[in-house]
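# Coordinate analysis (summary)
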Amino acid sequence: MEKEEQSGKVQTDTFLAQIGNHQNPVTGSINTPIYFSTTYEHPTLGESTGYDYTRTKNPTREVVENALAVLENGAVGLVTSSGMSAIQLVFSQFPVGSQIVASRDLYGGSYRYFKELEKRGMYQFIYVDDETAFETAVSDFTTAIFIETPTNPLMSEVSIEKIAVLAKRHEAQLIVDNTFYTPLIQRPLDLGADIVLHSATKYLGGHNDLLAGAVITRSKELGERLAFQLNTTGAVLSPFDSWLLIRGLKTLSLRMERHEKNAQAVTAYLASCPYVKEVMYPGRGGMLSFKLKDASSIKAFLRHLSIFTFAESLGGVESLITYPTTQTHADIPKEVRESYGLTSDLLRISTGIEASEDLIADLTQAFEALK
Ligand SMILES: *Cc1c(COP(=O)(O)O)cnc(C)c1O
């Protein structure tokens with residue numbers, strides 16, 4: 001939904017804490033009401049309260065859509081039933097035969113979806129590793145560029161500004177999956193992207209209790225086209241889940257601070273750990289990956305962890321450790337994965353908001369059990 005004019009700019013922390021407040025003059029409710037009603041009474045023929053049917057527009061969902069548009073500094077925000085449906089919504093705009101240039105090191109589910117689109121003859125995908133490769137691959141035939149920065153799980157960054165210049169030169173649309181950094185660390189639309197999307201299941205929701213996606217556009221026209229598509233195809237976020245997302249967003253800033261502090265502490269520990277070959281951390285955010293010197297010890301290492309949970313996903317308050325080879329990235333063929341460094345000795349950590357001393361102690365005892 002279209003962003004409402006922010007009355008009197010406030011700091012992001014203030015904005016986050018106040019999402020949904022001061023919006024209910026009738027009851028004065030501070031917390032956003034959950035409007036479960038699927039349909040709305042029309043005052044008379046040809047008139048509407050602005051709400052007709054919940055797939056088209058819902059008052060609870062509207063609050064979170066407006067908030068996300070403000071946070072990402074876009075014109076229109078939309079929330080969907082999952083991160084994957086957000087990606088699917090964005091791809092629904094492109095005509096058959098379009099060429100898409102994408103980061104090679106991608107979320108496994110995005111890779112699987114792109115393979116499926118390609119198999120059905122919808123689009124052609126070109127995968128590239130770095131800025132130089134983007135320069136070579138993008139041409140006037142390119143319809144869109146899809147990037148993750150940092151990439152998942154190898155944590156390498158590209159300059160959104162540089163790719164945006166390239167996209168503009170070739171009239172290609174730039175789409176950024178900003179799930180890992182959130183708008184608190186990186187605002188892709190300000191750096192020249194056309195669309196930013198999220199798996200709101202991760203940091204935006206933040207509590208491992210919600211599946212959701214978000215799409216924010218720089219231009220109103222593009223946002224309206226996508227809103228039309230979303231209403232047509234229907235993968236909107238439910239009122240209850242919209243409320244959970246509002247609740248999660250209120251503490252995003254506090255959580256990100258702790259996630260980052262913990263990731264920095266864990267990175268420093270792993271970098272000095274004799275069992276570890278390499279640590280990949282871009283210096284910001286709560287995600288890091290590392291490679292073990294002995295890949296055959298991964299099973300025992302994971303079994304000995306008691307505070308870290310061995311599970312897929314990321315961005316929640318609980319620290320998780322993931323084995324991309326068999327979990328998030330299992331759909332990428334082994335040869336492809338290994339060709340760009342996603343090897344079977346790699347583990348990925350999403351640091352939660354626990355005390356970093358406990359996280360480091362947990363890793364230490366699990367390494368010691370390998371002796
Ligand atoms: C999880 C994830 C997705 C997919 O989101 P879902 O909410 O699981 O559908 C997309 N991109 C990235 C970077 C992710 O981590």
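Residues numbered from 1 in each chain as written. Predicted model: local features only at pLDDT ≥ 70, side-chain atom pairs only at ≥ 80, totals over all residues. Heavy atoms only, no water.

The protein chain goes by Cystathionine gamma-synthase in an unreviewed UniProt entry, where it is assigned to Enterococcus termitis. In UniProt, the protein chain has this text filed under Cofactor (unreviewed entry): "pyridoxal 5'-phosphate". Its UniProt record gives the protein chain a comment under Sequence similarities (unreviewed entry), which states: "Belongs to the trans-sulfuration enzymes family." (UniProt positions renumbered as here; feature names shortened; annotations may be inferred.)

## Structural notes on the pattern of salt bridges
This model, assessed by the stated rule, comprises 14 salt bridges. Between Glu 116 and Lys 119 there is a salt bridge, with the nearest N and O atoms lying 3.5 Å from each other. Residue Glu 116 and its partner Lys 119 are located together in helix H4 (residues 108-119), separated by three residues, close to a single helical turn. A relative accessible area of 32% means that Glu 116 is categorised as partly exposed. What makes Lys 119 exposed here is its relative accessible area of 68%. (Salt bridge = Lys/Arg side-chain N within 4 Å of Asp/Glu carboxyl O. Helix = DSSP H or I, 4+ residues; strand = E, 2+ residues; numbered from the N terminus. Buried < 20%, exposed > 50% of the residue type's maximum accessible area, 1.4 Å probe, protein only.)

## Regarding the pairing of strand E1 (residues 76-80)
Among the five residues that make up E1, five are buried, leaving the element largely enclosed by the rest of the structure. Side chains Val 76, Leu 78 and Thr 80 of E1 all project onto a buried face; the interleaved residues Gly 77 and Val 79 project onto the opposite face, where all are buried too. In this sheet, strand E7 (residues 213-217) lies alongside E1 in antiparallel orientation, the contact comprising five bridges. Bridging from a neighbouring strand, Gly 77 pairs with Ile 216 of E7. (Pairing = 2+ DSSP bridges.)

## As for the sheet that holds E7
The mixed open sheet is built from seven strands, whose spatial order is E1-E7-E6-E5-E4-E2-E3. The open sheet has two edge strands with one neighbour each: E1 and strand E3 (124-128). In this sheet, adjacent strand axes meet at a mean angle of 20° when their direction is disregarded. Here strand E6 (residues 195-199) pairs with E7 via five bridges, running antiparallel. (Axes fitted to C-alpha atoms, helices over the stretch in contact; angles between N-to-C directions.)

## Points about the sheet that holds strand E8 (residues 276-280)
Across the sheet, five strands lie side by side as E8-E9-E12-E11-E10; this open sheet has mixed pairing. The open sheet has two free edges, formed respectively by E8 and strand E10 (309-310), since each of these has just one partner strand. The sheet contact formed by strand E11 (residues 320-322) and strand E12 (residues 346-350) spans three bridges and is antiparallel. When the sheet's bridge partners are listed, Thr 322 is paired in E12 with Arg 348. Contacts from helix H10 (residues 252-271) reach E8, strand E9 (287-292) and E12 within the one sheet, and its direction differs from that of E9 by about 15°. (Contact = heavy atoms within 4.5 Å.)

## With respect to the domain arrangement of the protein chain
Domain annotation of the protein chain identifies domain 1 (7-250) and domain 2 (253-368). Computed from C-alpha coordinates alone, the two centres of domain 1 and domain 2 are separated by 27 Å. Of the roughly 2700 Å² buried between domain 1 and domain 2 on both sides combined, carbon and sulfur atoms contribute 60%. The largest contributions to the domain 1 side of the interface with domain 2 come from Pro 153, Leu 154 and Tyr 203, which together make up 25% of the buried area. One can count two salt bridges joining domain 1 with domain 2. Here Arg 284 ties to Glu 157 by a salt bridge, and the two come within 2.8 Å at their closest N and O atoms. The tally of links between domain 1 and domain 2 comes to 12 residue pairs in polar contact (both at pLDDT 80 or more). At the level of secondary structure, the elements contributing two or more residues to the side of domain 1 that touches domain 2 comprise helix H1 (12-17), H4, helix H7 (182-185) and helix H9 (239-249). The element contributing the most residues to the side of domain 1 that touches domain 2 is H4, with four residues. Residue composition of the side of domain 1 that touches domain 2, by class: 15 nonpolar, 11 polar and seven charged. (Domains from an automatic or database assignment. Buried area = accessible area lost by both parts, 1.4 Å probe. Polar contact = N/O pair within 3.5 Å; in protein donor to acceptor, adjacent residues only side chain to side chain. Nonpolar A, V, L, I, M, F, W, Y, C, P; charged D, E, K, R; others polar.)

## Some remarks on the site of the ligand
In the neighbourhood of the ligand, the contacting residues comprise Ser 82, Gly 83, Met 84, Tyr 107, Asp 177, Thr 179, Ser 199, Thr 201, Lys 202, Leu 211, Ala 212 and Leu 314. Take Ser 199: an N or O atom from its side chain is 2.8 Å from an oxygen atom of the ligand. A distance of 2.7 Å is found between an oxygen atom of the ligand and a side-chain nitrogen or oxygen belonging to Lys 202. In isolation the ligand has 380 Å² of accessible area, and contact with the protein removes 93% of it. For the shell around the ligand, a count of residues per class yields five nonpolar, five polar and two charged. (Near = heavy atom within 4 Å. Areas by Shrake-Rupley, 256 points an atom, 1.4 Å probe, with all protein chains shown as cover.)

## Digging into H9
Counting buried residues along H9, eight of its 11 residues qualify, which places the element largely inside the surrounding structure. Along H9, the residues classified as buried are Pro 239, Ser 242, Trp 243, Leu 244, Leu 245, Ile 246, Gly 248 and Leu 249. Its buried side turned inward, H9 meets H1, helix H2 (59-71), E1 and H10.

## Details of the environment of Phe 310
Its place among the elements puts Phe 310 in strand E10. Separated by 12 residues in sequence, Phe 310 and Thr 322 place their C-alpha atoms 5.9 Å apart. Setting aside residues up to four positions removed in sequence, Phe 310 forms contacts with Leu 302, Ile 321, Tyr 323 and Gln 327.

## A few points about unusual backbone geometry
Along the chain, Thr 149 connects to Pro 150 via a cis peptide bond; the corresponding omega equals 5°. Cis geometry is found at the peptide bond from Asn 152 to Pro 153, where omega equals 10°. Relative to the elements of secondary structure, Pro 153 occurs in the loop between strand E4 (142-148) and helix H6 (160-169). Positive phi, close to 60°, is recorded for His 22, a residue that is not glycine. Judged by relative accessible area, His 22 falls into the exposed class, the value being 70%. Backbone geometry at Thr 182 places phi at a positive 65°, although glycine is not the residue there. By the element assignment, Thr 182 lies in helix H7.

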